[in-house]
Each structure stands twice: as C-alpha cells, then as structure tokens.
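For reference, the chains in residue letters:
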Amino acid sequence: MLIYLVQRFLQTIAVLVAVSVIVFFVMSFTGDPVMMIVPPDATAEQIEAARHELGLDRPLPVQYIVFMDNLLHGDMGRSYLFRQPVVKLITERVKATLEMVMLAVLLSLAVAIPAGVYAAAAPDSRLSRALMGGSLFGISLPSFWVGILLIFVFAVEWGLLPSSGRGKTVAGWSFLTRDGLAHLIMPSVTLALGTLAMLTRLVRAQMREVLRQDYIRFARAKGVSPSGLLFSHALKNALIPVITVFGLQVGNLIAFATVTETIFAWPGMGKLLIDAINTSDRPIIVAYLMIVAVIFVGINFVIDVAYTLIDPRIDLR
Amino acid sequence: MSEFLFRFSRDKGAVFGFAVIALFALLAPIGPYFVSQNPYDLGSLDLANAYKPPAWLADGDAAFPLGTDEQGRDMLSGIVYGTRISLFIGLCVTLFSCALGTIVGLWAGCAGGRVDSVLMRIVDVQLSFPAMLVALFIMSAFGRGLWKLIAALTLVGWVMYARTVRGAVLAEKGREYVEAARLIGLPPILLALRHILPNVATPLIVIATVQVGNVILTEATLSYLGVGVPVTEPSLGLLVKNGYDVLFSGIWWVSVLPGSFIMLLVFGINLLGDFLRDELNPRLK
C-alpha cells in the first residue's frame, strides 16, 4: 500500500510538471504581453526596457526555469492589468468559487442519489419514466442558457432574486447571510443542473446492475426489508463507480464555474480567468491553470486511494 | 434489422429524437432559401425594425416570426444561419476526433507494449481534466476562429474514442478469427482495418452520436464565453451571448430563442443516442 502511494504520488508530480511545461510554452506563443503594459505611444526603447524588466527577452527554457523557481517559492508573477501578485488575486476569489461549487455538489448529490435509487427500484413507474426523461433533458441543457432563463424569470420579471454579485458576505462567505444566500441560489442551481442530471442517470444504471446480482436475491430471500435492501446492501456497491465519475464531475463543476460566474457576475476564480483571457493577462491564465491542475490531480489521487478503502477487492498494483 | 426498426418505432423518445435531428438536418441546407433575409448582409437590415418581439406577442410583426435583435436582424434568419454553423462544427469535430481516436486506439491496441502504455498514459492524463477547460485553454492560446475551434475541440474529443477502440481491440485480439487471419500471413495494418475495426464499430457509433450533442454544447459554451467562433460567423451560442445585454430590459427573445434551439437539437441527439446505446448493448438483451 505504502509503495503504491509513493508511486502514485511520484506520477502525480510528473503529470503536474508536464502540465506546467505545456501550459507555459503554449501560452508563451500567444500575443505579446509587453504591448499590454506599455502606454500606446511608447518608444522602441521603452518597449525593450519593459520586455527586459519582465524577463521576456531571455530564451524560453530560461524563462521556464525562472517561472518554476518562482512558482516553488509561491510566487506566480504579477497580473499585467491589476498590477498585483496573481496569487493574491486568485486567493481573494477562491472562497466565492468554492462556496458556489460546494453548494452545487450538495444539491446534485441530495437529488441524484434518491432519484437514481428510486428510478432503479421502480423502473416502470410513471415517476421513474419522468425522472429519466427529465434527466436526459437536463444533460441536453446549455448551462449558460439555463442561467439566462433563471435571470429573466426570477430577477427581471418577478424581481425575487438578485441577478449578479455576491451580496453581503461575512468573513468572505456569502452563505452566512440571508442576502448572500439569495445571491448564491441561482448560480449554484445553474451549475448543479447538468451534474445532477448526469449523476441521476449514473446512480440508476449502477443500481440496476447491482440489483440484478445474486447476493441481492439472497438478501431478499433472507427477509431484508426493501429499504434496507436498497440503501444498505445495493447502494454501497453501486456507489463505487459513481464516486469516480463524481470526482471527475467536481472538476467539471470548477470548469463550468467559469461560465456561471460570467453570467451572474459572481466574483470568483472563473470570472477572473475569463476576464484574463479577454484581456490577454497571461500570468493570471497560467496561474489559474496551474492551481486548477493541482486540484484535479489531487482529486484523482484521493479517489484512487478512497477506492481501496471502500472496496477491499480492488488491488491497485 | 426489421426487429431494430420495430423497436425503434415503439420507442417514442427515439422517434421524437430522430424527427428533431431530421428537421435540423433539413433546416441547415435548405433553411436559407426560406428565411426572409441573409443576416450577414448588413444592407438588408433596417434599424427601424430593431427589437421587434416575436409574432405571437402584442407588438409582433408577421414578417419577423421570432422577433428581431438590436440591428433589426430577423431572429429566425439568424437562428437558421447559426444552426448551420453549430451543426457544421458538431459534425466536423465528431468526424475528425473519431478518425484520430480510432487510429490511435487501433495503433495502441495492436502494437501493445510500450507504445500502448505511453499512448494510454496521455489519454488518462487528458481525461482527468475537464474537456471544457482544456478547450478553453487551447482557444485562449489560439484565439477565436471557426477552424481553430474545430481543431481545439478535436484535440479534446479524440481521447474517448481512442480509449474505447483500444479496449475493444484488446478484447478482439485474442479471438480465433483474428488468430486465423494472422496465421495466413495478413499484414498487421490490414488485420486491424479489415478484421478488427468492423467489430469495434458498434461502440463507436454510440459514442459518436452522443458526442455530436456534447460538441455542440461545448462549442456553444465557448462561443458564449467569447472564445469560440468569430463575430462574423455567429453560432447559436454566440447569438445567446449577443442577446444577453438586453435581457435586463425585458427583451428576452434575442437570447432565449437561439438557446432553445441548441437545447432542442442536443435533446434530440441524446434521445436517439440513449436508444442506440440500449439497443446496441448486447449485455442488456
């Protein structure tokens, strides 16, 4: 087990280094950041001076080594537009994205697991059919369009919910105040919808697979109550593949947070990224991608380890 | 085959999905001959017609069944042209990524050994990152453009096919008919193309169907974020983005209507894909 953990950890580091190389080199071919920071009427000397100051006149491999050296010291450069360290800009916005993603995660699990179990337990009932049709519909919805519909109905027409911003925050969290919570609802629901629909289908499919197995028939014959059968015998085994996909879905939620944050002007990391792409603010893009890569690789690592803990049959070597 | 058609005709969802797809497939080539204007021809636009609501509303104008946008552009015309672009991207990307993924999958599965493990490592790593984010990264480096978008989405999409084909090749490789073909001295390339490929076609069809819908959704999302198609070639997603600004003044049709066409198209594709998956999966029979 320990050997596996060490191996897996080394692999994780290798992946992160590869990602940093790809991100750094691909981004360095995009536009000329010097033009972003010098005034429009700058002379050739001023442009050269600015280029030298940023270290952009050095060969690319040297730039990469400097970048990695700074990165390992916790310095990811300064934003061209905000003139602030990107680490600061991103950490200021982490909480906003985190609470939105967390609420979306909770919402989708709270709906998807019961709905999926029900649809598997009573596959021919009217409600199950509606759930399956609804979930297929749910995965077909463009999330930005859902956000727009929600804004139009709840903010523009009915004036019930605010359409943008985070509202009142306490210690950087919106969900602690009534006003903040009102701001949080629509972005989280928009974000959760796709994942919710997908997980419902997945839970149902896995449950149906498990319910067909002999040990379930045996448990039923033994006299286990129907709810005990579903929730303690079947669900546990059905959830194993669900957890893997769920881990990937958390990554997806972070990616789609960029969309939701853009629609609802939610000041999180994702909106920062989209704004940075539109203004070619390269250090922010690179830093965001590196941080998110660490999160994804970390999630995968945790899932692999969780696998062995949940299911002792899985041998990782 | 007739059994397949029978079950198809009994599945309302699949029939509906097929009808939607057929409608869009017709709309794309012949739609421009039926709509009132070419939305790219600025000369045909009249600012006096700006922000007309859809025809069924009080101030609607029968000449503009789905209303008009801020330049007086007929929304129906814009949507028909936008559908063409969205469908074109969806089909191109699916075709290219399926071809690329199949080649890599066949290569990895047939070659085995180190080639296989290197290729599959790449696939694993890429699959651990959300497709949307990888596409966003590539597009932020490439800049906007129709073919750039197609290239980016192909680079994102091929991994699914590669993994599936490779798995199917490994399963087929040990079969007797493959062994027999190898023993009579067939070169490996012919073996892969003529004997293994036809047997992995079924999962490919299912994935490709669903992928067309996914690609259209991802394309719409990227275009909505402003890193997809250029403004001169607006897909449905870009139309939604353009309408977003006036949403707050109650002008909903400019953004909501193009989005509902994306939804309808993707829903149709998913309904058909769902049916095909159940139908072509021998385990469920």
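This text goes with the structure placed above it.
Residues numbered from 1 in each chain as written. Chains lettered and ligands numbered in written order. Predicted model: local features only at pLDDT ≥ 70, side-chain atom pairs only at ≥ 80, totals over all residues. Heavy atoms only, no water.

**Topic: the overall build of chain A**
And step 1. When its secondary structure is counted, chain A shows 12 helices and zero strands.
And step 2. Along chain A, from the amino end to the carboxyl end, the secondary structure elements read α-α-α-α-α-α-α-α-α-α-α-α.
And step 3. A principal-axis box enclosing the C-alpha atoms of chain A has dimensions of 85 × 60 × 35 Å.
And step 4. Residues classed as buried in chain A amount to 45% of the 317 residues present.
And step 5. Look at the contacts in chain A between residues 6 or more apart in sequence, and 71% of them connect residues 24 or more apart.
And step 6. Entry remark: accessible area of chain A is about 15,700 Å², with carbon and sulfur atoms responsible for 67%.
And step 7. Averaged over its 25 positive side-chain charges, chain A has a centre that lies 15 Å from the centre of its 21 negative ones. (Helix = DSSP H or I, 4+ residues; strand = E, 2+ residues; numbered from the N terminus. Buried < 20%, exposed > 50% of the residue type's maximum accessible area, 1.4 Å probe, protein only. Contact = heavy atoms within 4.5 Å. Areas by Shrake-Rupley, 256 points an atom, 1.4 Å probe, with all protein chains shown as cover. Lys, Arg positive; Asp, Glu negative; His and termini not counted. Charge placed at Lys NZ, Arg CZ, Asp CG, Glu CD.)

**Let's talk about helix α3 (residues 44-54) of chain A**
Residue and element names in this part refer to chain A.
And step 1. Listed in full, the buried residues belonging to α3 are Ile-47, Ala-50 and Arg-51. For α3, the angular spread of the buried residues around the axis is 100°, confining them to a single face. α3 presents Glu-45, His-52 and Glu-53 as exposed residues on the side facing more than 90 degrees away from its buried surface.
And step 2. Elements in contact with the buried residues of α3: α2 (33-37).
And step 3. Immediately beyond the C-terminal end of α3, within one or two residues, lies Gly-55, with a positive phi of roughly 80°. (Arc of directions from axis to C-beta.)

**Describing the environment of Ile139(A)**
And step 1. Mapping Ile139(A) onto the fold places it in helix α6 (residues 126-139).
And step 2. On the basis of relative accessible area, Ile139(A) is assigned to the partly exposed category, the value being 25%.
And step 3. Distance from Ile139(A) to Leu193(A), taken between C-alpha atoms, is 7.9 Å for residues 54 residues apart in sequence.
And step 4. Residues in contact with Ile139(A), not counting those within four places in the same chain, are Gly194(A), Ala197(A), Met198(A), Arg201(A), Leu217(B) and Asn270(B).

**What about unusual backbone geometry?**
Residue and element names in this part refer to chain A.
And step 1. Located in the positive-phi region is Arg-83, a residue other than glycine, with phi close to 55°.
And step 2. Tracing the chain through its elements places Arg-83 in the loop between α4 (60-72) and α5 (86-121).
And step 3. Backbone geometry places Ala-265, a non-glycine residue, at a positive phi of 45°.
And step 4. Take Ala-265: it is sitting in the loop between α10 (226-263) and α11 (269-278).

**A closer look at the interface of chain A and chain B**
And step 1. Facing 47 residues of chain A, the contacting portion of chain B comprises 39 residues.
And step 2. For the chain A face of the interface with chain B, the top three residues by lost area are Phe144(A), Trp145(A) and Ile148(A), together amounting to 17%.
And step 3. In this structure, the connection of chain A to chain B is made through one salt bridge.
And step 4. A salt bridge links Arg201(A) to Asp274(B), with the shortest nitrogen-to-oxygen separation between them at 2.8 Å.
And step 5. Inspection of the region where chain A meets chain B yields four residue pairs in polar contact (both at pLDDT 80 or more).
And step 6. Mapped by element, the contributors of at least two residues to the side of chain A that touches chain B are α1 (2-27), α6, α7 (143-157), α8 (178-211), α10, α11 and α12 (282-310) of chain A.
And step 7. The leading source of residues in the side of chain A that touches chain B is α10(A), at nine residues.
And step 8. Of the residues assigned to the side of chain A that touches chain B, the class counts are 33 nonpolar, 11 polar and three charged. (Buried area = accessible area lost by both parts, 1.4 Å probe. Salt bridge = Lys/Arg side-chain N within 4 Å of Asp/Glu carboxyl O. Polar contact = N/O pair within 3.5 Å; in protein donor to acceptor, adjacent residues only side chain to side chain. Nonpolar A, V, L, I, M, F, W, Y, C, P; charged D, E, K, R; others polar.)

**A few points about the side chain of Ser174(A)**
All names here are of chain A.
And step 1. Structurally, Ser-174 can be placed in the loop between α7 and α8.
And step 2. The exposure class assigned to Ser-174 is buried, which follows from its relative accessible area of 0%.
And step 3. When residues no more than four places from it in sequence are discounted, the contact partners of Ser-174 are Glu-99, Arg-166, Lys-168, Thr-169, Gly-180, Leu-181 and Trp-266.

**So, the packing of helix α4 (residues 113-127) of chain B against helix α6 (residues 146-173) of chain B**
Residues and elements named next belong to chain B.
And step 1. The geometry of α4 relative to α6 is characterised by a closest axis approach of 10 Å and an angle of 130° between their N-to-C directions. Our classification of the angle between α4 and α6 gives oblique. Handedness of the α4/α6 crossing: left-handed. Facing α4, whose interface residues are Asp-116, Met-120, Ile-122, Val-123, Asp-124, Gln-126 and Leu-127, α6 presents Leu-155, Val-156, Trp-158, Val-159, Ala-162, Arg-163 and Arg-166.
And step 2. Looking at the contact of α4 with α6 residue by residue, the class counts come to nine nonpolar, one polar and four charged. (Axes fitted to C-alpha atoms, helices over the stretch in contact; angles between N-to-C directions. Parallel < 35°, antiparallel > 145°, perpendicular 65-115°, else oblique. Left-handed = near helix turned anticlockwise from the far one by under 90°.)

**Some remarks on the nonpolar core**
And step 1. Judged by nonpolar contacts, the single largest core of 133 residues is most densely connected at Phe144(A), Met207(A), Tyr288(A), Ile89(B), Leu136(B), Leu222(B) and Ile262(B).
And step 2. Broken down by element, this core gets its largest block of residues, 14 residues, from α10(A).
And step 3. The residues touching Ile89(B), leaving out its near neighbours within four places in the chain, are Leu146(B), Leu149(B), Ile150(B), Leu153(B), Val215(B), Glu219(B) and Val229(B). (Core = buried A, V, L, I, M, F, W, Y, C linked by side-chain atoms within 4.5 Å.)

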